[in-house]
Amino acid sequence: MASKTSANTKKKKGFWLRDATYFDYPTLFYIIFLIFFGLMMVYSAGIYASRIEYKNPYGFALKQFIFSGVGLFVMYIVSRVRYQYLKRFTYLIIIVMLGLLLAVLFWGKSVNGAKRWLDLGFIAFQPSEIAKIVILLYMAYACTDRAFFMYTIKGMFALFGPVIVMVLLIAVEDFSTALVCILIAGGIWLIATNKYIYLLPIGIFGAVGIAILIGMEGYRLERLRVWRNPEEGYQTMQGLYAVGTGGFFGRGLGQSVQKTGRIPEAQNDMIFSIICEELGIVGAVGLIIVFLLLIWRLRFIAEGAPDRYGSLIVVGVLIHIAVQVIINMSVVTNVMPNTGVPLPFISYGGSSMVFLLAEMGLVLGVSRQIVPLGKREESLIEKED
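Given the structure is predicted, the values throughout are model-derived calculations rather than measurements.

A. Region of interest: the confidence of the model for the protein. Mean pLDDT over the protein works out to 84, with 87% of the residues at or above the 70 mark. Segment residues 1-12 is flagged for pLDDT under 50; beyond a separation of four residues in sequence, or across chains, it makes four contacts in the model. In this model residues 377-385 is a low-confidence stretch, pLDDT under 50, and it forms one contact with partners more than four residues away in sequence or in other chains.

This is the structure in structure tokens:
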């Protein structure tokens, strides 16, 4: 019996998860549902622009299908990795990430006036999307193995140092992603420490930082002005028209008027406005419910994770998805100023899809190590015997 237990222990120490005690199929179902719903809406929202750019109606949908396939493959591979091994490479990953962000500043490719892409010839991607994963992995590690940093002001500066450097490098060209990154880091820290008393000073410090970053670029101040006076913003008004004309049940799938060149690149960050126009309040609320169900499952996995590190990784992914959903939908409805944050799983984009699915691979990897209650009781009985 002892030799068998020893053999099992050695087997569990492998890099790959060969056996799983549990797998969260509801989470997988919600992921697949959102991907296919996103493919349908990318096809519908991008059909007009696709005819212009690709000379056929399927261009954006086909590329999104390929991105999704690659992302699902990455998700599967990552889900089979024993996530505890990532701790060993935390600082190496940060160094590589800083190198990529610096490379974007010096040699990045500009798209729509923003230098966010790194083109390696055979592939182009946005390192800022990878930064979200790196930051949540780092914060999960720091709040687990460097927990003594979390309870003093000096320690907090040391803990947040790498995050602040990455966020500043991202904010030069991509303020919205930088905001998402800092919210992920702050959210993980808050959940790990439960120090709500620090919210006020952190909020003041964050507000000052955001004000400085907004003031650095004139177009950011312009977005604030348009937010206060939406009738002066073309994209904002067209998006609101789409939301307003959808009514309760919508015009019908594929029947959007605003996607015919009125909303620029409707398949991207403004895709929620097309969902509201074509599927109405019913479709929009239905999508929100699916996101809420996914977030509920992520909370379930975080609570059942076998260790604190795994739990905080899932918390980071949960915060990432929740923040981007809230920001994207708030921008479309003009609740907050316009900023380029994609709707998770739905908006068109290769980097965001692939790296988001890599995050979901981490979540499923954590879920595979959850020990169900029945098996825990069996294990206790065996130990007693």
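After that view of the structure, there is still more to cover.
B. View of unusual backbone geometry. Residue Glu265 is not a glycine yet carries a positive backbone phi of 50°. Structurally, Glu265 can be placed in the loop between α10 (234-246) and α11 (271-304). Residue class for Glu265 comes out partly exposed when judged on its relative accessible area of 39%. Not every positive phi belongs to a glycine, and Phe345 is a case in point at roughly 70°.

C. Fine view of the packing of helix α7 (residues 175-193) against helix α12 (residues 308-332). For the pair α7 and α12, interaxial distance at closest approach is 9 Å and the crossing angle is 135°. Classified by the angle between their axes, α7 and α12 sit oblique to one another. Two packed elements cross with a definite hand, and for α7 against α12 that hand is right-handed. Here Leu179, Val180, Leu183, Ile184, Gly187, Ile188, Ile191 and Ala192 of α7 come into contact with α12, specifically with Arg308, Leu312, Val315, Gly316, Ile319, His320, Val323, Gln324 and Ile327. When its residues are assigned to classes, the contact of α7 with α12 shows 12 nonpolar, four polar and one charged.

D. The packing of aromatic side chains, seen in detail. Applying the stated criterion across every chain, the model contains 15 aromatic pairs. Each ring, one from Phe106 and one from Trp107, has its centre 5.8 Å from the other, and the planes form 50°; the classification is tilted. Comparing Phe106 with Trp107 shows no difference in burial state: the two are exposed. An aromatic cluster of at least three residues, connected via ring pairs, comprises Phe29, Tyr30, Phe33 and Phe37.

E. Spatial organisation of the environment of Arg228. Inspection of the secondary structure assignment puts Arg228 in helix α9 (residues 218-228). When the C-alpha atoms of Arg228 and Met336 are compared, they prove to be 9.3 Å apart, with 108 residues separating the residues in sequence.

F. Looking closely at the nonpolar core. Of all hydrophobic cores here, the largest spans 103 residues; its most connected members are Met139 and Phe345. Among the elements that make up this core, the one with the highest residue count is α12 (16 residues).

G. Representation of the pattern of salt bridges in the model. Here the structure, examined in full by the defined rule, presents seven salt bridges. Put simply, Arg297 and Asp24 hold a salt bridge, and the shortest N to O gap is 2.4 Å. Of this pair, Arg297 sits in helix α11 while Asp24 sits in the loop between α1 (2-12) and α2 (25-53), and the two are 273 residues apart along the sequence. Judged by its relative accessible area of 9%, Arg297 falls in the buried class. Residue Asp24 is classed as buried on the basis of its relative accessible area of 0%. We note a salt bridge from Asp174 to Arg116, for which the minimum N-O separation is 3.8 Å. Placement of Asp174 in the loop between α6 (153-171) and α7 and of Arg116 in strand β2 (residues 114-119) is noted, with a sequence separation of 58 residues between them.

H. Molecular detail of the side chain of Glu277. The residue Glu277 is located in helix α11 in this model. Not counting chain neighbours up to four residues away, the residues in contact with Glu277 comprise Ala242, Thr245, Gly246, Gly250, Arg251, Ser256, Val257 and Gln258.

I. Representation of α11 in the model. Its 34 residues place the ends of α11 only 34 Å apart at the C-alpha level, less than the 50 Å of an ideal helix rising 1.5 Å per residue. Where α11 bends most, the angle comes to about 125°, and this point is Leu279.

J. Fine view of the side chain of Ser351. Within the secondary structure, Ser351 is located in helix α13 (residues 350-367). From its side chain, Ser351 meets the backbone nitrogen of Gln126 in a polar contact 3.0 Å long. Every residue in contact with Ser351, bar those within four places of it in the chain, is listed here: Trp117, Phe125, Gln126 and Glu129.

Thresholds applied
Position numbers for residues start from 1 in each chain and track the written sequence from start to end. Residues qualify for local features only when their pLDDT is at least 70, as the model is predicted, and side-chain atom pairs are given and counted only at 80 or more; totals for whole chains, interfaces and linings, by contrast, use all residues. Hydrogens and waters are ignored; side-chain quantities use all the structure's heavy atoms. Each residue carries a pLDDT score, the predictor's own confidence in it, on a scale running from 0 to 100. Contacts: residue pairs with any heavy atoms within 4.5 Å of one another. Helix and strand assignments follow DSSP, with helices taken as H or I runs no shorter than four residues and strands as E runs no shorter than two, numbered in order from the N terminus. Summary of the burial criterion: residues with accessible area below 20% of their type's maximum are buried, those above 50% are exposed, and those between are partly exposed, where the area comes from a 1.4 Å probe applied to protein chains only. Between N-to-C directions, angles span 0 to 180 degrees; the directions come from axes that are lines fitted to C-alpha atoms, helices contributing only their stretch in contact. Comment on the angle field: the value is read as roughly parallel under 35 degrees, roughly antiparallel over 145, roughly perpendicular from 65 to 115, and oblique elsewhere. Each crossing gets its hand from how the near helix is turned against the far one by less than a right angle, where anticlockwise is left-handed and clockwise is right-handed. Amino acids are sorted into nonpolar (Ala, Val, Leu, Ile, Met, Phe, Trp, Tyr, Cys and Pro), charged (Asp, Glu, Lys and Arg) and polar (every other residue, Gly among them). Here a Phe, Tyr or Trp ring, Trp counted by its six-membered ring, pairs with any other such ring whose centre lies within 6.5 Å, and the pair is stacked when the planes are under 30 degrees apart, edge-to-face when over 60, and tilted otherwise. Here, nonpolar core refers to any group of buried Ala, Val, Leu, Ile, Met, Phe, Trp, Tyr and Cys residues whose side-chain atoms link them within 4.5 Å. By definition here, a salt bridge exists when the distance from a side-chain nitrogen of Lys or Arg to a carboxyl oxygen of Asp or Glu is within 4 Å. The span one expects for a helix is its residue count, reduced by one, times 1.5 Å. At every residue, the bend is computed as the angle between two fitted axes, covering the seven residues ending there and the seven beginning there respectively. Pairing of N or O atoms within 3.5 Å defines a polar contact, subject to two protein rules: one partner must be a possible hydrogen donor and the other a possible acceptor, and residues neighboring in sequence count only if both atoms are side-chain atoms.

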